[in-house]
Amino acid sequence: MDNNKRWYDKEPTLSLAVSLLKNSKEDLQLECAEFIKVKARDFGVTLNSNLFGAFNYVLHRWYDASESLAEAFSYLKEADDETRKQLAIAIISFLEKAETR
């Protein structure tokens, strides 16, 4: 087993959703970030506000380039496994619909 996997690569559906998001245009990434935050809150996911602020500019992952994306990923990370999978399915659907606009 590979212990070096990123947290979002451990679940195949979430890994696909993140990959699609990463390869989207910047404006679509930001639109999807807002979608993720709303959906996550709908599922009852909450953030520890101190955690988000403390790490926002320390870690330099691709999604840290935007505060909105970083916050969306914080919601994904806080969600339980089942909710995370549901969010991943919603993200994939959102991005597929966006590609056909």
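Below is a short write-up of the structure.

Cut-offs applied
Residues numbered from 1 in each chain as written. Predicted model: local features only at pLDDT ≥ 70, side-chain atom pairs only at ≥ 80, totals over all residues. Heavy atoms only, no water. Helix = DSSP H or I, 4+ residues; strand = E, 2+ residues; numbered from the N terminus. Expected span 1.5 Å × (residues − 1). Contact = heavy atoms within 4.5 Å. Phe/Tyr/Trp six-rings, centres within 6.5 Å; stacked < 30°, edge-to-face > 60°. Buried < 20%, exposed > 50% of the residue type's maximum accessible area, 1.4 Å probe, protein only. Polar contact = N/O pair within 3.5 Å; in protein donor to acceptor, adjacent residues only side chain to side chain.

A short note on helix α2 (residues 26–42)
With 17 residues, α2 should reach 24 Å at 1.5 Å per residue; the first-to-last C-alpha distance of 24 Å fits that figure. Looking at the buried positions of α2, the neighbouring elements they touch are α1 (12–22), α4 (67–78) and α5 (81–99). Positive backbone phi, at 90 degrees, marks G44, one or two positions downstream of α2.

A look at the packing of aromatic side chains
For any pair of aromatic rings, the description consists of the separation of the ring centres together with the inter-plane angle of the planes. Under the defined criterion, the tally for this structure stands at eight aromatic pairs. Note on W7 and Y8: the rings are 5.4 Å apart at their centroids and 85 degrees apart in plane angle, and the pair reads as edge-to-face. Note on W7: relative accessible area 17%, which makes it buried. Ring geometry for W62 and Y63: centres 5.5 Å apart, planes at 85 degrees, overall edge-to-face. Classification of Y63 as buried rests on a relative accessible area of 3%. Each residue in the set W7, Y8, W62, Y63 and F73 is aromatic and connected to the rest through ring pairs, giving one cluster.

Focus: α5
A rise of 1.5 Å per residue sets the reference length of α5, with its 19 residues, at 27 Å; its end C-alpha atoms lie 27 Å apart and thus fit the reference within 8%. Residues of α5 that are buried: T83, R84, L87, A88, A90, I91, I92, F94, L95 and A98. Backbone nitrogen of E82 and a side-chain oxygen of the N-cap are separated by 3.1 Å at the start of α5; the cap is D80.

Focus on the side chain of K37
As for its position among the elements, K37 is in helix α2. A polar contact is formed between the side chain of K37 and the side chain of S68, at a distance of 3.2 Å. Setting aside its immediate chain neighbours within four residues, K37 contacts S68, E71, A72 and Y75.

Honestly, that's just the spatial picture; any functional story needs more than this.
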